[in-house]
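# Tertiary structure, described
Here's the letter readout for the chains.
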Amino acid sequence: MGAGRFAPSPSGPLHLGNLRTAILAWLFARSTQRDFLLRIEDLDRVRSGAEATQIFELESLGLQFDGSLLRQSERLPLYFEAVKQLEERGLVFPCFCSRKDIAEAASAPHAAPGAYPGTCRNLSSAEREVKAKERPAALRLRSEVTEFSVHDQLAGDYTGVVDDFVLVRNDGAPAYNLAVVLDDALCGIDQVVRGDDLLSSAPRQAYLATLLSYEVPDYVHVPLALNTKGQRLAKRDGAVTLEEITEHGVHPADVVAILLESLGLPSTSLQAALEAFDPVNLPREPWIVEPEKIVQQLMPPASRNR
Ligand code: GLU
């Protein structure tokens, strides 16, 4: 039996879009008889207390996870061990570029859009010594391809850029693309359901998995929740977190119902939705959220229009 997962970054409370993705990840895992794991991606963007809030929110929706919670911050040696192995194979190089250096070099006419331009790939050891005095190095993968193809259950075959992406950031922390690949592979995760803003990262991750002789997971990149301006839903959009919505007397089960409805599923319970779940019928368009309308619709009649 394989596993699916939900892997939030504890940067704040989960909003309706994150909660909807969590429900989708649960539906995909459970409908394929997989375990469902929770991983806290706390290598970056950590806000104190956010992990507990997110767990509380997921539990309030009625989502149940298997196994024990995994935190990336507790697995650092494992990531560095993989970097060491790649280093021994000559597949890692130090990079001294700032974001600005990369943006400038990457805007050159011959550069592949969005790709690292290779500035530090072939520095001599003397050049490295000089540069190391100015800036700490990030470690990048010496990629042997420029693109890689994955299959996504919703998007179909997808080919995307694979550049010399960062494995270890210049503050010494393992990079997201490295940690995600190792965690998925080592936890038996063979199904990755997440927002479709990460589809373009899947080729890099699948390539790295392949380099490390891991199976590439099944990918399902699901449409995001957007605000009425077509931007990714965010805290500034108003009542978008569970806490903000339930403050108005709305029960979490009603929030679940709204999320299931937005997926075209029976909204009476997660279980009912699971029984009816068929990925073929999922909406392929983003979900446009009007938080005020949702709150008005869900508020108990007595407290409406106060
Ligand atoms: N931690 C990422 C996020 O919250 C998700 C990463 C993933 O699912 O691979 O956006």
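Residues numbered from 1 in each chain as written. Predicted model: local features only at pLDDT ≥ 70, side-chain atom pairs only at ≥ 80, totals over all residues. Heavy atoms only, no water.

In the annotation of an unreviewed UniProt entry, the entry for the protein chain reads Glutamyl-Q tRNA(Asp) synthetase, and the organism field reads Glutamicibacter ectropisis. Word for word, the UniProt comment on the protein chain under Sequence similarities (unreviewed entry) is "Belongs to the class-I aminoacyl-tRNA synthetase family. GluQ subfamily." Per its UniProt entry, the protein chain bears the Function (unreviewed entry) comment "Catalyzes the tRNA-independent activation of glutamate in presence of ATP and the subsequent transfer of glutamate onto a tRNA(Asp). Glutamate is transferred on the 2-amino-5-(4,5-dihydroxy-2-cyclopenten-1-yl) moiety of the queuosine in the wobble position of the QUC anticodon." (UniProt positions renumbered as here; feature names shortened; annotations may be inferred.)

### Some words on the UniProt feature "binding site: Zn(2+)" (unreviewed entry) in the protein chain
If you check UniProt for "binding site: Zn(2+)" (unreviewed entry), the listed places come out as Cys95, Cys97, Tyr116 and Cys120 in our numbering. A maximum C-alpha distance of 10.4 Å among these annotated residues, which run over 26 residues, shows that they cluster at one spot. With respect to the helices, strands and loops of the structure, Cys95 is situated in strand S4 (residues 92–95). When sequence neighbours within four positions are dropped, the list of residues in contact with Cys95 reads Tyr116, Cys120, Pro136, Ala137, Ala138 and Arg140. (Helix = DSSP H or I, 4+ residues; strand = E, 2+ residues; numbered from the N terminus. Contact = heavy atoms within 4.5 Å.)

### Describing the packing of aromatic side chains
A ring pair, where both rings are aromatic, is described by two values, the distance of the centres and the angle of the planes. Taken as a whole and judged by the stated rule, the model has four aromatic pairs. Both rings, one in Phe93 and one in Tyr116, keep their centres 6.2 Å apart while their planes meet at 35°; by these two values the pair is tilted. Of the two residues, Phe93 is situated in strand S4 and Tyr116 in the loop between helix H4 (99–106) and helix H5 (125–132); the sequence distance between them amounts to 23 residues. Neither residue differs from the other here; Phe93 and Tyr116 are each classed as buried. (Phe/Tyr/Trp six-rings, centres within 6.5 Å; stacked < 30°, edge-to-face > 60°. Buried < 20%, exposed > 50% of the residue type's maximum accessible area, 1.4 Å probe, protein only.)

### Things to note about the pairing of strand S5 (residues 138–141)
Pairing of S4 with S5, which is carried by four bridges, proceeds in the antiparallel orientation. In the sheet register, Phe93 faces S5, and the bridge partner there is Arg140. Inspection of the sheet shows S5 paired to strand S8 (residues 166–168) by two bridges, in the antiparallel sense. Residue Arg140 lies in a different strand from S8, and its bridge partner there is Val166. (Pairing = 2+ DSSP bridges.)

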